[in-house]
Structure formats: structure tokens, C-alpha cells
Amino acid sequence: MWERKTFEVNENPAEGEDVQYAVFRVSEFRRHDAYIEAVVITKEVEFFMREPKEE
């Protein structure tokens, strides 16, 4: 089951900033029996994101 979460998004985080995920643009998906392969069209990151810090 999918669970919706909220993330903080930043296209250019500062050096040393806490980043949990990097998001790339994908050009196509290829299905193999047990898994799906994503083909990345660029090595550049689209944006970075992290789960919000709890206060």
C-alpha cells in the first residue's frame, strides 16, 4: 500500500546540508520479471529532497 508523505524540496542545497534523496529525470522504464529498471537520460539531479525535521 502506498503512503503519502510530505518532503522538503531544494534544487540547490548548501554544502553540508542534510539531504536524504536525489531525484533524477527518467526517460523510460523496462520491466523485467521481478523488478523494473529505470533508464536515466541525464546524470544531473533534478532536485534534492528530505523528510521534514520534527520539532
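Residues numbered from 1 in each chain as written. Predicted model: local features only at pLDDT ≥ 70, side-chain atom pairs only at ≥ 80, totals over all residues. Heavy atoms only, no water.

Observations regarding the overall build of the protein
When helices and strands are counted, the protein shows zero helices and three strands. Order of helices (α) and strands (β) in the protein, N terminus to C terminus: β-β-β. The proportion of buried residues among the 55 residues of the protein is 7%. Considering only residue pairs separated by 6 or more positions, the protein has 55% of its internal contacts joining residues 24 or more positions apart. Total accessible area computed for the protein in this model is approximately 5,500 Å², and 47% of it derives from carbon and sulfur atoms. (Helix = DSSP H or I, 4+ residues; strand = E, 2+ residues; numbered from the N terminus. Buried < 20%, exposed > 50% of the residue type's maximum accessible area, 1.4 Å probe, protein only. Contact = heavy atoms within 4.5 Å. Areas by Shrake-Rupley, 256 points an atom, 1.4 Å probe, with all protein chains shown as cover.)

Brief notes about the environment of Glu46
Position of Glu46 among the secondary structure elements: in strand E3 (residues 35-50). Look at Glu46 and you get partly exposed, because its relative accessible area is 32%. Glu46 sits 35 residues away from Glu11 along the chain, and the two C-alpha atoms are 7.0 Å apart.

A look at the confidence of the model for the protein
Predicted confidence across the protein gives a mean pLDDT of 81, with 84% of residues reaching 70 or more. Ranking the elements of the protein by mean pLDDT puts E3 last with 76 and strand E1 (residues 8-10) first with 90. (pLDDT = per-residue confidence, 0-100.)

What to know about the packing of aromatic side chains
If you walk through the whole model with that rule in mind, you get one aromatic pair. Arranged with centres 5.6 Å apart and planes meeting at 90°, the rings of Phe7 and Tyr21 form a pair that is edge-to-face. Here Phe7 is found in the segment before E1, whereas its partner Tyr21 is found in strand E2 (residues 21-32), with 14 residues between them in sequence. (Phe/Tyr/Trp six-rings, centres within 6.5 Å; stacked < 30°, edge-to-face > 60°.)

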